[in-house]
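Structural characterization, general
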Amino acid sequence: WNVVGGTTKQVVKTAADGSFSLQGARGKILGVNIMKEGYVYTAESHKSFEYAAFFQANFHVPNRTQPVVFRLQKLTGAEPMLKYITNAEVAAGSVPVLLDVETGKLGADGDLSFSIAAGQNRGQNGPDFSVTITAMNGAAFAFSEDEFMFNAPETGYRNAANLNRLSTEPNYNRVQPYRFYVKTRSGKYAAVTGEITIREGLSKGKAGFHAIIYHNPSGSRNLEFDHRKWLNR
């Protein structure tokens, strides 16, 4: 929570029913994060509370009879997994970016090809642009809206997709997120999330490439990740 000159924090342990309290803290904004071994964060694992500005959406009036509920996702059977975080600045143009899902590396060969192209039309915040994703060498991918990509599907995979951003869109920004399961060229499975960012200014003509990969080398469709079974950490 915020205090004069900065912020401070305290760690408290919940009771058996999950309840907890914070005593003697004074401040305008309180942030709460919940964690437990054997569980992973959800969108409801961390929340912010405003105690002074009543017009804010997160303005909070404590009420013991109506406790705030936080939610964690229990890990039920994670297998040993590989996790990669790949960040790079790449050229936006005719040369595609190739990603090897099983190693997390960009190179001359891979499972997925990303072609990034900026259009001629521009808006106040940037240009039109497109990202074409193509599966290579027998690989395939399936887009996902799952909060937890813990179980790769058996079917529904595709070989290509084109993601377009128009500068005239009301919610336009220079970032294109992506989120999908991958069946690699060797027939194994992975969950891949990331984003492509079109650069401007001195880096115009380039793009930021970001990917987080969870890969199960056993060939199982189980992609539940437990950091205690992180093979390449």
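Let me sum up the structure you'll find in this document.

Conventions adopted
- Residues numbered from 1 in each chain as written.
- Predicted model: local features only at pLDDT ≥ 70, side-chain atom pairs only at ≥ 80, totals over all residues.
- Heavy atoms only, no water.
- Helix = DSSP H or I, 4+ residues; strand = E, 2+ residues; numbered from the N terminus.
- Buried < 20%, exposed > 50% of the residue type's maximum accessible area, 1.4 Å probe, protein only.
- Contact = heavy atoms within 4.5 Å.
- Areas by Shrake-Rupley, 256 points an atom, 1.4 Å probe, with all protein chains shown as cover.
- Lys, Arg positive; Asp, Glu negative; His and termini not counted.
- Charge placed at Lys NZ, Arg CZ, Asp CG, Glu CD.
- Phe/Tyr/Trp six-rings, centres within 6.5 Å; stacked < 30°, edge-to-face > 60°.
- Lys NZ or Arg CZ within 6 Å of the ring centre and 35° of its normal.
- Core = buried A, V, L, I, M, F, W, Y, C linked by side-chain atoms within 4.5 Å.
- Pairing = 2+ DSSP bridges.
- Polar contact = N/O pair within 3.5 Å; in protein donor to acceptor, adjacent residues only side chain to side chain.
- Axes fitted to C-alpha atoms, helices over the stretch in contact; angles between N-to-C directions.
- Salt bridge = Lys/Arg side-chain N within 4 Å of Asp/Glu carboxyl O.

**Structural notes on the overall build of the protein chain**
- Check the secondary structure of the protein chain and you find zero helices and 16 strands.
- Dimensions of the protein chain, computed from the C-alpha atoms along their principal axes, are close to 60 × 45 × 30 Å.
- Counting only residues that meet the buried cut, the protein chain has 35% of its 233 residues in that class.
- Contacts in the protein chain between residues far apart in sequence, at least 24 positions, make up 59% of those at least 6 positions apart.
- Accessible surface for the protein chain amounts to roughly 14,000 Å². Of this, 51% is attributable to carbon and sulfur atoms.
- Side-chain charges in the protein chain split into 26 positive and 20 negative, and the spacing between the mean points of these groups amounts to 6 Å.

**Considering the packing of aromatic side chains**
- In this structure the tally under the stated criterion is 14 aromatic pairs.
- Judged by centre distance (5.4 Å) and plane angle (20°), the rings of tyrosine 178 and phenylalanine 180 are stacked.
- A relative accessible area of 5% places tyrosine 178 in the buried class.
- The ring of phenylalanine 70 carries the charged tip of lysine 47 above its face, separated from the ring centre by 5.3 Å.
- One cation-aromatic arrangement involves lysine 83 over tryptophan 230; the distance from NZ or CZ to the ring centre is 4.9 Å.

**Some points on the nonpolar core**
- Among the nonpolar cores identified, the biggest contains 29 residues, and Phe114, Tyr178, Phe180 and Phe209 are the most heavily contacted of them.
- Looking at this core, the elements with two or more residues in it are β7 (82-91), β8 (97-100), β10 (112-122), β11 (127-135), β13 (160-165), β14 (175-183), β15 (189-198) and β16 (206-216).
- Not counting residues up to four positions away in its chain, the partners in contact with phenylalanine 114 are Pro96, Val97, Leu99, Val131, Thr132, Ile133, Tyr178, Phe180, Ile196 and Phe209.
- Counting 11 residues, the second largest nonpolar core, distinct from the first, contains Ala140, Tyr157, Tyr189 and Leu223.

**Some points on the pairing of β16**
- Sheet topology note: the β7/β16 ladder contains 10 bridges and is antiparallel. Counted as the bridge partner of glutamate 89 is glycine 208 from β16.
- Sheet analysis places β15 next to β16, joined by 10 bridges and oriented antiparallel. Bridge assignment links glutamate 195 to a residue of β16, and that residue is histidine 210.

**A few points about the side chain of serine 45**
- Topologically, serine 45 is positioned in the loop between β4 (39-41) and β5 (46-50).
- Here the side chain of serine 45 touches threonine 42 through a polar contact of 2.7 Å, landing on its backbone nitrogen.
- At 2.6 Å, the side chain of serine 45 and the backbone oxygen of arginine 71 are in polar contact.

**Some thoughts on the sheet that holds β16**
- One open sheet accounts for five strands, arranged β7-β16-β15-β14-β12; its pairing is antiparallel. Two strands bound the open sheet, and with one partner strand each, they are β7 and β12 (140-143). Averaged over all pairs of adjacent strands, the angle between their axes in this sheet comes to 25°, without regard to strand direction.

**Considering the pattern of salt bridges**
- In this structure the tally under the stated criterion is 12 salt bridges.
- Its salt-bridge partner being aspartate 109, residue arginine 185 comes within 3.0 Å of it at the nearest N-O pair. Within this pair, whereas arginine 185 is found in the loop between β14 and β15, its partner aspartate 109 is found in the loop between β9 (105-107) and β10, the two being separated by 76 residues in sequence.
- A relative accessible area of 39% means that aspartate 109 is categorised as partly exposed.
- Here arginine 185 makes a salt bridge to aspartate 111, at a shortest N to O gap of 3.5 Å. Here the residue arginine 185 occupies a position in the loop between β14 and β15, and aspartate 111 occupies one in the loop between β9 and β10, the gap between them amounting to 74 residues.
- Exposure remark for aspartate 111: the relative accessible area of 0% places this residue in the buried category.
- Through salt bridges with shared partners, one network takes in Asp100, Asp109, Asp111 and Arg185.

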